[in-house]
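# Results of the structural survey
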Amino acid sequence: MSDFYQNVFEVVRQIPAGKVTSYGAIARYLGSAGSSRMVGWAMNLSHHQEVFVPAHRVVNRNGLLTGKIHFGSPDEMQELLENEGIAVENDCVIHFKELFWDPIKELL
DNA sequence: ACGTTGACCTATA
DNA sequence: GTATAGGCCAACG
C-alpha cells in the first residue's frame, strides 16, 4: 500500500467523533493539493482495510454526502453521522462549517 | 495501449 | 452569485 493511502487512512482515523472534514483538506495536508480525487480513491480502498476507517466523516467541500452510495447502503453513512450527533438532511451536513475539522489547523 | 470515468477542488467569466 | 472550464492521478473497460 502506498504511503499516500496509508497517510490518508491515518488522518481520517484521527478525526474526532462528531466532526467532519473534506477531501481537499486532507489532500492539502498531504501536500498533494489538487489531487483530492486520490483521497476519494483512498476511501474506496478503506473498505478493504482491516482497520475501521470513519469514511463517513469525510465529505466534499459543500458538506454533501457524495460517497454515501459507496457504503454498504446509501443510508448507512447518514445513520453513522446521525449516530455521532451530526445532523444530516437532504444528504447535507447541517452546521457543516462548525463541525468542520481541518487536519492542517487541528492536527497540524 | 488508449479512452473514459471518478467519494473533488480551484479558478475564471 | 451561478455557470463553465481546467486540473489532478489512478483504476476500469
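First things first, this report covers the structure right here in the doc. A quick note: this is a predicted structure, and the numbers were derived from the prediction, not measured.

### Some thoughts on the protein's contact with DNA strand C
As a matter of local geometry, DNA strand C sits amid Tyr5, Gly34, Ser35, Arg37, Met38 and Trp41. In the interface set of DNA strand C, defined as its atoms within 4 Å of the protein, sugar plus phosphate atoms amount to 60%. At three residues, the largest contribution of residues to the surface near DNA strand C is made by helix α3 (residues 36-46). Considered class by class, the residues forming the surface near DNA strand C number three nonpolar, two polar and one charged.

### Things to note about the pattern of salt bridges
With the rule as written, the count across this model stands at two salt bridges. For the salt bridge of Arg57 with Glu84, the shortest nitrogen-to-oxygen distance reads 2.7 Å. In this pair, Arg57 sits in the loop between α3 and β2 (58-59) while Glu84 sits in the loop between α4 (74-83) and β3 (88-89), placing the two residues 27 residues apart along the sequence. Judged by relative accessible area, Glu84 falls into the partly exposed class, the value being 25%. One salt bridge connects Lys68 with Asp91, and the closest N-O pair in it is separated by 2.8 Å.

### As for the protein's contact with DNA strand B
Taken together, 19 residues lie near DNA strand B, and Arg37, Gly40, Met43, Arg61 and His70 sit nearest. Here the atoms of DNA strand B within 4 Å of the protein split so that 48% fall in sugar or phosphate, with bases taking the remainder. In the model, a phosphate oxygen of DNA strand B is placed 2.7 Å from a nitrogen or oxygen of the Arg61 main chain. Here the surface near DNA strand B gets eight residues from one element, more than from any other, and that element is α3. Taken together, the residues that form the surface near DNA strand B break down as six nonpolar, 11 polar and two charged.

The rules we used
Residues numbered from 1 in each chain as written. Chains lettered and ligands numbered in written order. Predicted model: local features only at pLDDT ≥ 70, side-chain atom pairs only at ≥ 80, totals over all residues. Heavy atoms only, no water. Near = heavy atom within 4 Å. Helix = DSSP H or I, 4+ residues; strand = E, 2+ residues; numbered from the N terminus. Nonpolar A, V, L, I, M, F, W, Y, C, P; charged D, E, K, R; others polar. Salt bridge = Lys/Arg side-chain N within 4 Å of Asp/Glu carboxyl O. Buried < 20%, exposed > 50% of the residue type's maximum accessible area, 1.4 Å probe, protein only. Polar contact = N/O pair within 3.5 Å; in protein donor to acceptor, adjacent residues only side chain to side chain.

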